[in-house]
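# A closer look at the structure
What follows is the residue order along each chain.
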Amino acid sequence: MTEPQPTPLAELHVHFQGCILPSDLLRHLASCDQIDWNWYEGDMRAAYGSVPPVHDLVERYRQGDTSVVETFEEIAVIGDADAGNFKRFQAKGSLFWIGVHNGDDTTLRMKE
């Protein structure tokens, strides 16, 4: 009689990019005390060869300009043009980790 073999484990995880609405992400970034723009912009430059105006959009949103929400969404959402490209996935995903509130440095530590 043979011993039963253990069932292989599976890695299950969730990507925040699919769980948080772009408008909520924009609101979060606008509320942050500190944003590590170098991290995000470096990732975007490496993945896309350019940096979209997200920094400007966040600042405009902070000033009450809600017209930037649609443009922010077009930039932040991973679309068909990004499919199969991990650098693009990671670059857009860094938006979720670059903002911190005073006294909370966990976001910046997670990058390390």
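Notes on the structure in this doc start here.

Reading the values: rules and limits
Here the residue numbering is sequential within each chain, running from 1 through the sequence in written order. Note on the predicted model: pLDDT of at least 70 is required for a residue's local features to be given, and 80 or more for side-chain atom pairs to be given and counted; whole-chain, interface and lining totals, by contrast, use all residues. Computation of side-chain values: all heavy atoms of the structure, hydrogens and water removed. Only DSSP runs of H or I covering at least 4 residues are called helices, and only runs of E covering at least 2 are called strands; the numbering of each starts at the N terminus. The rule is simple: take the accessible area with a 1.4 Å probe, protein chains only, and divide by the maximum for that residue type; under 20% is buried, over 50% is exposed, in between is partly exposed. Contacts are residue-level and defined by heavy atoms, with any inter-residue pair within 4.5 Å sufficient. Every axis in this analysis is a line fitted to C-alpha atoms, fitted for helices over the stretch in contact. Angles between the N-to-C directions lie between 0 and 180 degrees. To sort the angles, those under 35 degrees are grouped as roughly parallel, those over 145 as roughly antiparallel, those from 65 to 115 as roughly perpendicular, and the leftovers as oblique. Here the term charged refers only to Asp, Glu, Lys and Arg, the term nonpolar to Ala, Val, Leu, Ile, Met, Phe, Trp, Tyr, Cys and Pro, and the term polar to all other amino acids, Gly among them. In the sections that follow, a salt bridge refers to a side-chain nitrogen of Lys or Arg positioned within 4 Å of a carboxyl oxygen of Asp or Glu. Comment: arc refers to directions from the helix axis out to C-beta atoms. Between N or O atoms, a polar contact is any pair within 3.5 Å; within protein, one atom must be a potential hydrogen donor and the other a potential acceptor, and residues adjacent in sequence are included only when both atoms are from side chains. Working definition of a nonpolar core: buried Ala, Val, Leu, Ile, Met, Phe, Trp, Tyr and Cys residues. They are joined through side-chain atoms within 4.5 Å. Left-handed is the label given to a crossing in which the near helix is rotated counterclockwise from the far helix by less than a right angle, and right-handed is the label when the rotation is clockwise.

### As for the overall build of the protein chain
Broken down by element type, the protein chain carries six helices and two strands. Mapped from its N terminus to its C terminus, the protein chain presents α and β elements in the order α-β-α-α-α-α-β-α. With 112 residues in all, the protein chain has 29% of them scored as buried. For the protein chain, the share of sequence-separated contacts (at least 6 apart) that also reach a separation of at least 24 residues comes to 65%.

### Here's the deal with the packing of helix α1 (residues 22-31) against helix α3 (residues 54-62)
The geometry of α1 relative to α3 is characterised by a closest axis approach of 9 Å and an angle of 80° between their N-to-C directions. As judged from the angle between their axes, α1 and α3 are roughly perpendicular. When α1 is examined against α3, the residues L26, R27, L29 and A30 are found in contact with a partner set consisting of L57, V58, Y61 and R62. Here the residues of the contact of α1 with α3 sort into six nonpolar, no polar and two charged.

### Examining the pattern of salt bridges
If you walk through the whole model with that rule in mind, you get six salt bridges. One connected set of salt bridges, linked through shared partners, spans D56, R60 and D65.

### Here's the deal with α1
Those residues of α1 that fall on the buried side of the exposure criterion are P22, L25, L26, L29 and A30. Down the axis of α1, the buried side of the element spans an arc of 135°, and every buried residue falls inside it. The secondary structure elements touched by the buried residues of α1 are β1 (34-35), α3, α4 (69-76) and β2 (99-100).

### Concerning the side chain of K92
Among the structural elements, K92 can be located in helix α5 (residues 86-93). In this structure K92 comes out as buried when scored by relative accessible area, which is 6%. There is a polar contact of 2.8 Å between the side chain of K92 and the backbone oxygen of V77. Not counting chain neighbours up to four residues away, the residues in contact with K92 comprise M44, Y48, E74, I75, A76, V77, I78 and D82.

### A look at the nonpolar core
Of all hydrophobic cores here, the largest spans 23 residues; its most connected members are L29, Y40, V54, V58, F72, L95 and I98. The set of elements that each furnish at least two residues to this core consists of α1, α2 (37-48), α3 and α4. Residue contributions to this core peak at five residues, all from α2. Excluding its chain neighbours within four sequence positions, the residues that come into contact with L95 are L25, L29, Y40, V54, F72 and A76.

### Comments concerning the side chain of S94
By the secondary structure assignment, S94 is in the loop between α5 and β2. Look past the residues within four positions of S94 in its chain and what remains in contact with it is W39, Y40 and D43.

### Points about the packing of α3 against α4
One can describe the packing of α3 onto α4 by two numbers: an axis separation of 10 Å at closest approach and a directional angle of 150°. The handedness of the crossing between α3 and α4 is left-handed. Of the residues in α4, those touching α3 at V54, L57 and Y61 are V69, T71, F72 and I75. In the contact of α3 with α4, the residues fall into six nonpolar, one polar and no charged.

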